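Here is how the chains run, residue by residue.
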Amino acid sequence: MLSVVPSPVVVRAPSKVNLHLGVGDLRADGYHDLTTVFQALSLSDDLRLAPAASLTVRVTGEGAAQVPTDRTNLVWQAAVALAHLAGRAPLVEIAIAKGIPVAGGMAGGSADAAAALVGLNELWDLGLGRDELASVAAELGSDVPFALHGGTALGTGRGEQLLPVLSRNTFHWVLALAKDGLSTPSVFRELDRLREEGDPPRLGHPQKLLQALAAGDPHALAPLLGNDLQAAALSLKPELRRTLRAGVGAGALAGLVSGSGPTCAFLCETEEAAIAVAAELAGAGVCRSVRTASGPVPGARVLDHEPQA
Ligand code: C5P
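Residues numbered from 1 in each chain as written. Predicted model: local features only at pLDDT ≥ 70, side-chain atom pairs only at ≥ 80, totals over all residues. Heavy atoms only, no water.

Tell me about the layout of surface pockets, residues and numbers included.
If you add up the space inside the largest pocket, you get close to 1100 Å³. Along its surface, the largest pocket is lined by 41 residues, and Ser 110, Asp 143, Thr 184, Pro 185 and Ser 260 are the ones closest to its centre. Of all the secondary structure elements, the ones that give two or more residues to the lining of the largest pocket are strand S1 (9-26), strand S2 (32-51), helix H2 (108-123) and helix H5 (184-197). Broken down by element, the residue count for the lining of the largest pocket peaks at 5 residues, all from H5. Tallied by class, residues from the lining of the largest pocket come to 17 nonpolar, 17 polar and 7 charged. (1 Å grid on protein atoms, 1.4 Å probe; cavity = no way out; pocket = protein on both sides within 12 Å on 5 of 7 lines; lining within 4 Å. Points joined across faces, edges and corners; volume = space filled by probe spheres on them. Helix = DSSP H or I, 4+ residues; strand = E, 2+ residues; numbered from the N terminus. Nonpolar A, V, L, I, M, F, W, Y, C, P; charged D, E, K, R; others polar.)

Give me the lowdown on the site of the ligand, citing residues and values where you can.
Contacts to the ligand come from Gly 30, Tyr 31, His 32, Leu 34, Gly 141, Ser 142, Arg 158, Thr 184, Pro 185 and Phe 188. In this structure, His 32 approaches the ligand through a side-chain N or O atom, which is 2.6 Å from an oxygen atom. Side-chain polar atom of Ser 142 to an oxygen atom of the ligand: 2.5 Å apart, as the coordinates give it. Taking 450 Å² as the accessible area of the ligand by itself, protein coverage stands at 76%. With respect to the detected pockets, the ligand is housed in the largest pocket. Elements supplying a minimum of two residues to the shell around the ligand: S2 and H5. For the shell around the ligand, the element with the most residues is H5, which contributes 3 residues. Here the shell around the ligand gathers at least three residues from each of two domains, domain 1 (9-165) and domain 2 (171-295). (Near = heavy atom within 4 Å. Polar contact = N/O pair within 3.5 Å; in protein donor to acceptor, adjacent residues only side chain to side chain. Areas by Shrake-Rupley, 256 points an atom, 1.4 Å probe, with all protein chains shown as cover. Sits in = over half its atoms within 2 Å of the grid points. Domains from an automatic or database assignment.)

Could you give an account of the packing of aromatic side chains, naming the residues involved and the relevant values?
Across all of its chains, the model carries 1 aromatic pair by this definition. Residues Phe 38 and Phe 146 carry aromatic rings whose centres are separated by 4.5 Å and whose planes lie at 10° to one another, so their mutual orientation is stacked. A residue pair is termed long-range when its members are at least 10 positions apart, and Phe 38 in strand S2 and Phe 146 in helix H4 (residues 144-149) qualify at 108 residues. Pair check on accessibility: Phe 38 and Phe 146 agree, each one buried. Between Arg 158 and the ring centre of Tyr 31, over which it is positioned, the NZ or CZ distance is 5.0 Å. (Phe/Tyr/Trp six-rings, centres within 6.5 Å; stacked < 30°, edge-to-face > 60°. Buried < 20%, exposed > 50% of the residue type's maximum accessible area, 1.4 Å probe, protein only. Lys NZ or Arg CZ within 6 Å of the ring centre and 35° of its normal.)

Describe the pairing of S1, and please don't skip the residues or the numbers.
By the criterion of burial, S1 is predominantly enclosed, with 14 of the 18 residues buried. Sheet analysis places S1 next to S2, joined by 15 bridges and oriented antiparallel. Among the inter-strand pairings, Lys 16 is bridged to a residue of S2, identified as Ala 40. Bridge analysis of S1 against strand S8 (residues 226-227) gives 2 bridges, and the strand direction is parallel. For His 20, the partnering residue across the bridge sits in S8 and is Gly 226. (Pairing = 2+ DSSP bridges.)

Geometry only, nothing functional implied.
Written out as structure tokens, the structure reads:
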């Protein structure tokens, strides 16, 4: 019998910024209830998945040295979970080309896990629908379902329950990458500590922000951006205050810490404005490096062609 080895599959996975991140109290299961508005950004990772004799993960690119390649990597766990569902062995080599900062608050690890699910569904010809992939995704981590979904979405629960949000136009962002990462659990813990000590202000409902997104107006959106985790990220990394000030000083409409940080995201009026803000910020010595990005973009998706290296 002729057996055909499937061709490698390449998947692009977007990063995300939380335009609104409202954090509720600590739950009994160790998570916090969230009300968040995610936007998927063009800064992305590419994964190449190919049949292999065993499960292996390789990582190159932005921050690769900090990424584990064993079973602690979410991509590994995604491959094992999907293989289990399909009743087969996870015999695949997954090469991750990172563009998303590691431990940067932009859900890079979650994006990779979502991309692995999409890629293996294709490589193994499983024919699973988005809903089936989304339930595996939610088991892997709170941000993985959004990385599958993409676009702009309202997240509740741990962040895994999603509703699409109408977002007109493309928004332009500058991202200031920090020297070291921040661990998400430690930032949530710091917020709990700050809340025990005092009563830092909490975001309300993102109603007006949703209206600004529907109108596609960056000027209306800018003052409505907010993140309850920002106070905790700034408490752990006070130098981020300078970064936030520098971005707005360079002409951004607004800046905020992305998710649990330490990446800072700056909303700009146009693509040209974003390029100018990025250039000024890069020279200001307030971050490790600077990227421009736009959003919303689609969730993890198979590419027709391998990107040029
Ligand atoms: O779901 P995920 O594994 O990505 O979450 C990482 C950690 O972030 C959790 O263990 C928890 O400490 C914190 N977290 C939280 N509330 C959420 C999401 C994450 O406290 N809604």
